[in-house]
Amino acid sequence: MILDGYGKYSIIGGNRLYGELSISGAKNSAVAVIAAAMTVNGLCHIDNMPQVRDVEILLQILQQLGAEIDVIGDGDYMIDCRNIDPDAAIDQELYGQLRASYYVLGALLGRFGHARVAMPGGCDFGTRPIDYHIKGFEALGAEVDIGGGWIDANAVDGLRGTRILLDYPSVGATINIILAAIYAEGLTIIENAAMEPHIVDFANCLNAMGAEVRGAGTNSIRIYGVNELRGGSYTIVPDQIEAGTYIALVAGTGGDVIVRDVIPRHLVCITSKLSEMGVEIEDLGDAVRVRREGRPIRRANVMTGPYPGFPTDMQPQVATLLTLARGTSFVTETVWDSRFQYVDQLQRMGAKITTDARTAVIEGVGRLKAASIAATDLRSGAAMVIAGLCADGTTLLDNIWHIERGYGNIIAKLGEIGADITRVVDAPRNLIELRTHRESVA
Ligand code: EPU
């Protein structure tokens, strides 16, 4: 079941965590893979799809375009986009609910030569331009117009392969340009392409369907235009950031947890920093064991960057851990203009942090104190869960819909390792408890 984000989490901090949990398919792969399915004139069997709201919303957009979607089992979908209509009317509001809705533009433009989508939404990190996407589409031969909240792309004379140099290795632009170039005439080369694991996963999925995308995982990706994608089966890789979040969480509370269904190689950019902070992390092949018993968290400096750098999507979680460390840490955000909105929430819990536009200076305070706080975006919301579980007392965390855009079954997963987290919903006079972690794992 996909949760609808209502209510709040009540989090009782202080428990060390023990046991095992499993990681779901990667959200940021899944949204790209769903867009890939739109380019296929056949059946796509996609497995290990995460049960999160961003995926559900994108699937709703596909349905409004005329796709048939069958749920075969948990995270197991058959997607049939043979009869989608690029001109079908879609609720503008649906596009605004997630960032990845911009992939619909690349997918429809690539397959049908024209597309009209509403401007995307997503987390608020300051300005989130899409100029690289548009420059890429234009280089392929499309005309792009933006106005009234809509983006129109048209390739009257078809799309032709070309060499595109991205100013920055943008994940979204890399994926969107690949989507547009699948059927373009000849060879498209993207230089300075993003190299994140989900780019490789997305390219592997497209290739399984019949595309010719080479070099994903390097900074130079070649797309040889094909005439048809025939469909096929694909299993989405485990979520690097979900795994990193649970690893950081155990690092914060202390304990000994095996995080299953991961690709440890994808996690090195996160686990190497946590090791530096004194957390024991053991590679078990398709799992990692995380331990912190007794030893304090050590201070560290963190600078985010494109893969294989430290992921910006782990910045709030690790900054939260550093509030518990001894000494002063510096966290520098280089990917997004504005990704420290959560700092106010941590300050309510006693954290000592000062920020300028790009850097947070964190003076470790050893322990946090519970407070009423709110998620300000998806990953900051996850960081607030970590803060609550590490704090003395009961934290009430509001705006949890942000969290449930990207973390499936979070209450059940945390319950399995002994965290005390409960969903509550505001009622006129009191707080009604909806489920405890014990019920949710039963
Ligand atoms: N940028 C531009 N112009 C563009 C595109 C990007 O200036 O046309 C800039 C952005 O403003 C930003 C940088 O380039 O400063 C990187 O943006 P990128 O395009 O790589 O980000 P994205 O594709 O919009 C994806 C993830 C984000 C993650 C970033 C960076 C998805 C759906 N979203 O966003 O994930 O933070 O890459 O790794 O894949 C999340 O999952 O919580 C999340 C926000």
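Residues numbered from 1 in each chain as written. Predicted model: local features only at pLDDT ≥ 70, side-chain atom pairs only at ≥ 80, totals over all residues. Heavy atoms only, no water.

Looking at the overall build of the protein chain
- Summing up its helical and strand segments, the protein chain has 15 helices and 26 strands in all.
- Here the C-alpha radius of gyration of the protein chain, 22 Å, is about what a compact globule of 442 residues would show, namely 22 Å.
- Across its three principal directions, the C-alpha atoms of the protein chain cover 65 × 45 × 40 Å.
- If you take every contact in the protein chain between residues at least 6 apart in sequence, the share linking residues at least 24 apart comes to 73%.
- Surface exposure of the protein chain reaches about 16600 Å², of which carbon and sulfur atoms provide 46%. (Helix = DSSP H or I, 4+ residues; strand = E, 2+ residues; numbered from the N terminus. Rg over C-alpha atoms; globule rule 2.2 N^0.38 Å. Contact = heavy atoms within 4.5 Å. Areas by Shrake-Rupley, 256 points an atom, 1.4 Å probe, with all protein chains shown as cover.)

Some points on the environment of Ser380
- Relative to the assigned elements, Ser380 resides in helix H12 (residues 378-390).
- Relative accessible area serves as the criterion here: at 1%, Ser380 is assigned to the buried category.
- For the pair Ser380 and Ile403, spaced 23 residues apart in sequence, the C-alpha separation works out to 8.2 Å. (Buried < 20%, exposed > 50% of the residue type's maximum accessible area, 1.4 Å probe, protein only.)

Quick word on the packing of helix H4 (residues 103-112) against helix H6 (residues 171-181)
- Where H4 contacts H6, the axes come no closer than 7 Å and their chain directions differ by 20°. Here H6 runs roughly parallel to H4, going by the angle between their axes. Here H4 runs over H6; the crossing is right-handed. Side by side, H4 and H6 meet where Tyr103, Leu105, Gly106, Ala107, Leu109 and Gly110 of the first sit next to Val171, Gly172, Ile175, Asn176, Leu179 and Ala180 of the second.
- Each residue belonging to the contact of H4 with H6 can be placed in one class, and the counts come to 8 nonpolar, 4 polar and no charged. (Axes fitted to C-alpha atoms, helices over the stretch in contact; angles between N-to-C directions. Parallel < 35°, antiparallel > 145°, perpendicular 65-115°, else oblique. Left-handed = near helix turned anticlockwise from the far one by under 90°. Nonpolar A, V, L, I, M, F, W, Y, C, P; charged D, E, K, R; others polar.)

Digging into the pattern of salt bridges
- Tallied over the full model, the rule gives 19 salt bridges.
- The salt bridge involving Arg405 is made with Asp54; its shortest N-O contact spans 2.8 Å. With Arg405 in the loop between helix H13 (401-404) and helix H14 (410-416) and Asp54 in helix H2 (residues 53-65), the pair connects residues that are 351 residues apart, well separated along the chain.
- A relative accessible area of 3% places Asp54 in the buried class. (Salt bridge = Lys/Arg side-chain N within 4 Å of Asp/Glu carboxyl O.)

Focus: helix H8 (residues 240-253)
- With 14 residues, H8 ought to run about 20 Å at 1.5 Å a step, and its terminal C-alpha atoms sit 20 Å apart, in line with that.
- Across the 14 residues that make up H8, a large majority, 14, are buried.
- At the exit of H8 stands Gly254, carrying a positive phi of roughly 85°. (Expected span 1.5 Å × (residues − 1).)

A short note on the environment of Pro264
- Along the chain, Pro264 falls in helix H9 (residues 264-276).
- Between the C-alpha atom of Pro264 and that of Val288, which follows or precedes it by 24 residues, the distance is 6.8 Å.
- The contacts of Pro264, once residues within four sequence positions are left out, are Asp283, Gly285, Ala287 and Val288.

Focus: unusual backbone geometry
- Between Tyr307 and Pro308 the backbone carries a cis peptide bond, its omega angle lying at 10°.
- Topologically, Pro308 is positioned in the loop between strand S17 (301-303) and helix H10 (315-322).
- Phi is positive for Asn48, which is not a glycine, with a value near 65°.
- With a phi angle near 60°, Asn192 is a residue other than glycine that sits in the positive phi range.
- Residue position: Asn192 is located in the loop between strand S10 (187-191) and helix H7 (197-209).

What to know about the site of the ligand
- If you check the shell around the ligand, you find 22 residues, and the closest are Asp131, Ser170, Asp313, Val335 and Arg379.
- The side chain of Asp131 places a nitrogen or oxygen atom 2.7 Å from a nitrogen atom of the ligand.
- With respect to the ligand, the side chain of Ser170 contributes an N or O atom lying 2.6 Å from an oxygen atom.
- Isolated, the ligand exposes 830 Å² of accessible area, and the fraction of that covered by the protein chains is 91%.
- With 3 residues, the top contributor of residues to the shell around the ligand is helix H5 (residues 131-139).
- Tallied by class, the residues present in the shell around the ligand amount to 10 nonpolar, 6 polar and 6 charged.
- Each of two domains, domain 1 (8-24 + 238-438) and domain 2 (27-235), supplies a minimum of three residues to the shell around the ligand. (Near = heavy atom within 4 Å. Polar contact = N/O pair within 3.5 Å; in protein donor to acceptor, adjacent residues only side chain to side chain. Domains from an automatic or database assignment.)

Overview of the packing of H10 against H12
- Here H10 crosses H12 at 25°, and the two axes come no closer than 7 Å. What the angle tells us is that H10 and H12 run roughly parallel. As H10 packs across H12, the resulting crossing turns out to be right-handed. Each of Pro316, Gln317, Thr320 and Leu321 in H10 lies in contact with H12, whose residues at this interface are Arg379, Ser380, Ala382, Ala383, Met384, Ile386 and Ala387.

Here we look at the sheet that holds S10
- The 4 strands lie next to each other as S9-S10-S12-S11, forming an open sheet whose pairing is mixed. The sheet is open, and its two borders are formed by strand S9 (163-165) and strand S11 (212-214), each paired with just one other strand. The average angle at which neighbouring strand axes cross in this sheet is 15°, direction not considered.
- Direction of pairing for S11 relative to strand S12 (residues 220-224): antiparallel, over a ladder of 3 bridges. When the bridges of S12 are listed, Glu212 appears paired with Tyr224.
- On top of the sheet, H7 reaches S11 and S12; it is set at about 150° to S11, its chief contact. (Pairing = 2+ DSSP bridges.)

A closer look at the pairing of strand S8 (residues 150-154)
- Both strand S6 (residues 114-118) and S8 contribute to a ladder of 5 bridges, which runs antiparallel. Across the sheet, the residue bridging to Ala115 is Ala153, located in S8.
- Two elements, strand S7 (residues 143-147) and S8, share 5 bridges in a ladder whose sense is antiparallel. Among the inter-strand pairings, Gly147 is bridged to a residue of S8, identified as Trp150.

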